[in-house]
Each structure stands twice: as C-alpha cells, then as structure tokens.
Amino acid sequence: MRGKRRAPRPRIPWRSPWTPVLCLAAAAAAGALVGAASLAKDIRLVVDGEAVAVRSFAGSVHELLSDAGVTVGFGDYLSLGAQQDLADGATVVVKRARPVRLTVDGRTSHRVVTATNVGDALDELEIGGVAGRLSAELGEAVPLSGMSLTVYTERRVLIVADGRRRWARTTAGTVRQVLAQERIRAPRGYRVTPEPSSFPRQGVVIRVEPERVVLVAPEVARLDWAALAACESRGNPRAYNAAGPYYGLYQFSLDSWRAVGGGGVPSAWPPEEQTYRAQLLYQRVQGRWQGQWPHCGGRLFGR
C-alpha cells in the first residue's frame, strides 16, 4: 500500500534572506521619525498683539519668521535677536512700525510708533494723559500705512474786551475760535490782536479794541500826557470820581469818552488806550483844553 502523502512544509517569511534588511530599514525609519519629532519646537509667535501657537523646526528666530511669512523692517520691534537660537517654548514678539504725522499745538513732526491704537501711540510719544482735544478716539486703530494725529493741549489765555479782562481755558486752534467759545464779538470798527487766525499760545493776551483809525498829530503826541494824568488821577488808570462821574487817567466823562470812539468804561481800558482817546479828545476840541481839564490842562505844556 502506498503511504500517506506528506503535507508541504509551510513557508516561514522571517526565514527569507531579505527579512533582516527590511527589519533594519523599518527600525531606522522609526528612529528618524522619533529624532525629527524631538527637534520640533513649540513657539508662541505674537505679531502686533495677535498671538498664534507655532510648531516649528526652525533653528533661529530669523528662520521662524521666514517660515511664518513675517518680515521685519526699519522701525519694527523684535523681542529676540534675529540670529538668536530658537528654544522650545520661546515667545517671539513682533511689533511693526507705523508712521504718524503728529501736530501738537500747531507744530508738526513726523514720528514712528509700534502701537496699534491711538491711546498707546500717545503714551509711546510721551504725550499720553495730557489734557486737551484730540483728532481721533483713543481706541481708534493706527493702521500700518500710518495716520495723521492732531493734539491741542489745554491752555489759559487772557481776553481783554469791552474794557473787561477775563481768563479762559481753551483747546482752540485759533484766536477766532477762542472768541467764539467765549461768545465775544468784535464789532465793526474794532480790531483783534493777535491776528484772529493765529494760534493762541499759553498765557497770550487777546485784545478786542476799537480800531485806531484817527491818527494823532505828532505835536499832540509830544505833549506831556503823563503830567496831565498825574494831576487828574495821580496816574491811576482805574481812578473813579463819583462827582461826575469821571473815570480813568484823564477823568473822562462817559459822554466825552464815547465821543472819541471809546467803548465800555474808560477806567477798564489799559493806559495806552486811555491816552490815545485823550489825545483824540484834545484834537476834537482843537486844543481848547480848558473845557475838558480846567484845573490840570496846563500840565500838558509844563505849567
């Protein structure tokens, strides 16, 4: 009898001559993956206040920014040196520069800031917290293309009008705006100094006075007006005599003051204005001073 047929012996793959080679290759690939993973770094990248988490193989800050498509130019802020080695867990901060055309109280300069809003830009420019008027809201964004920013600080100015003196606080950009703020009109025939379009600096005296349209003759101007004032009022521009009543250096009546273009009360005006009106009065009466200054008029001629 024939014997039973033997079953074929199963083929064992690991006995293949290529098996050791394949195993070594797989082990090497796994090792390479593990090594590469160990080289990757977790970085926190902050650009203009916006933070993102980055997984990077970059060896330096420059390589990280290049891979992220972030450029750093003139005036930009970089928290770490561009060539500095990049460590795992590092934070890299980039603040890009923004040009600002800054005008403070009429004076303009060109500056650069890295702040992203107006309030922070003012702090960076060292004018934050200054009382005044601003052309933009503090929270308004400063674009990368830049912006113009106008600041008017609060100032204290003196206004002399209608014979009255008053102090005012203002952030106005012109003398005209100060007068409008204080509701002061310059009537026809009055002049405003300094020029209405000029900038009202701290402590400036703004005058609203009747225009001196009538010239004083040289021979009248040469008379001794100081001696007349000393006799009439002891040289006191605010002198008042209830008997008339009479006012100021030259003891004007209100009728005579108004006849020569004076406004308000004579004693409220500065000495030079009172002297000018007295000279006009002398010319108006054609030198007949006796009716105006009967007791002191002779002092004009050294008598």
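Worth saying up front: this structure is predicted, and the values here are computed from it rather than measured.

A. Summary view of the side chain of Asp 48. Mapped onto the secondary structure, Asp 48 falls in the loop between β1 (41-47) and β2 (50-56). Using a relative accessible area of 13% as the deciding quantity, one classes Asp 48 as buried. When residues no more than four places from it in sequence are discounted, the contact partners of Asp 48 are Val 94, Lys 95, Arg 96, Arg 98, Thr 116 and Leu 144.

B. Just unusual backbone geometry, in detail. With omega at -5 degrees, the peptide bond leading from Thr 193 into Pro 194 counts as cis. In this structure, Pro 194 sits in the loop between β11 (190-193) and β12 (205-210). Residue Pro 245 is bonded to the preceding Gly 244 through a cis peptide linkage, with omega at 0 degrees. By the secondary structure assignment, Pro 245 is in the loop between β13 (240-241) and β14 (246-247). Here the phi dihedral of Asp 105 falls at roughly 50 degrees; this positive angle occurs in a residue that is not glycine. Here Asp 105 is to be found in the loop between β5 (98-104) and β6 (107-113). One non-glycine residue, Arg 183, lies in positive phi territory at about 55 degrees. With respect to the element layout, Arg 183 can be found in the loop between α4 (175-181) and β11.

C. Molecular detail of the sheet that holds strand β8 (residues 147-153). Strand order across the open sheet formed by four strands is β6-β5-β8-β7, with mixed pairing between neighbours. A strand with exactly one partner marks an edge of an open sheet, and here the two such strands are β6 and β7 (132-134). Ignoring strand direction, the axes of neighbouring strands in this sheet form an average angle of 25 degrees. Sheet topology note: the β5/β8 ladder contains five bridges and is parallel. The residue bridging Arg 101 from the neighbouring strand is Ser 148, located in β8.

D. Structural view of the layout of surface pockets. Considering only enclosed or pocket space, the largest pocket measures out at about 250 Å³ in volume. Across the lining of the largest pocket, the residue classes break down as seven nonpolar, seven polar and one charged.

E. Spotlight on the nonpolar core. Of all hydrophobic cores here, the largest spans 21 residues; its most connected members are Trp 225, Leu 228, Tyr 250, Tyr 282 and Trp 293. Elements with a contribution of two residues or more to this core: α6 (225-233) and α8 (271-284). In terms of residue count, the dominant contributor to this core is α8 (five residues). Setting aside residues up to four positions removed in sequence, Leu 228 forms contacts with Tyr 250, Trp 293, Cys 296, Gly 297, Arg 299 and Leu 300.

F. Structural context of the packing of aromatic side chains. Enumeration according to the criterion identifies eight aromatic pairs in this entry. Taking 6.2 Å as the distance between ring centres and 20 degrees as the angle between the ring planes, the aromatic pair formed by Tyr 152 and Phe 199 counts as stacked. Of this pair, Tyr 152 sits in strand β8 while Phe 199 sits in the loop between β11 and β12, and the two are 47 residues apart along the sequence. When the ring of Trp 289 is compared with that of Phe 301, the centres are 6.4 Å apart and the planes differ by 45 degrees; the resulting orientation is tilted. Placement of the pair is Trp 289 in the segment after α8 and Phe 301 in the segment after α8, with a sequence separation of 12 residues. Here a set of aromatic residues connected by ring pairs shows up, and it is made of Trp 225, Tyr 250, Phe 252, Trp 257, Tyr 282 and Trp 293. Taking the ring centre of Tyr 77 as reference, the NZ or CZ of Lys 95 above it sits at 5.5 Å. Taking NZ or CZ as reference, Arg 212 lies 4.7 Å from the ring centre of Tyr 276, over its face.

Scoring rules and cut-offs
- Residues numbered from 1 in each chain as written.
- Predicted model: local features only at pLDDT ≥ 70, side-chain atom pairs only at ≥ 80, totals over all residues.
- Heavy atoms only, no water.
- Helix = DSSP H or I, 4+ residues; strand = E, 2+ residues; numbered from the N terminus.
- Buried < 20%, exposed > 50% of the residue type's maximum accessible area, 1.4 Å probe, protein only.
- Contact = heavy atoms within 4.5 Å.
- Pairing = 2+ DSSP bridges.
- Axes fitted to C-alpha atoms, helices over the stretch in contact; angles between N-to-C directions.
- 1 Å grid on protein atoms, 1.4 Å probe; cavity = no way out; pocket = protein on both sides within 12 Å on 5 of 7 lines; lining within 4 Å.
- Points joined across faces, edges and corners; volume = space filled by probe spheres on them.
- Nonpolar A, V, L, I, M, F, W, Y, C, P; charged D, E, K, R; others polar.
- Core = buried A, V, L, I, M, F, W, Y, C linked by side-chain atoms within 4.5 Å.
- Phe/Tyr/Trp six-rings, centres within 6.5 Å; stacked < 30°, edge-to-face > 60°.
- Lys NZ or Arg CZ within 6 Å of the ring centre and 35° of its normal.

By themselves, these figures tell us nothing about what the structure is for.
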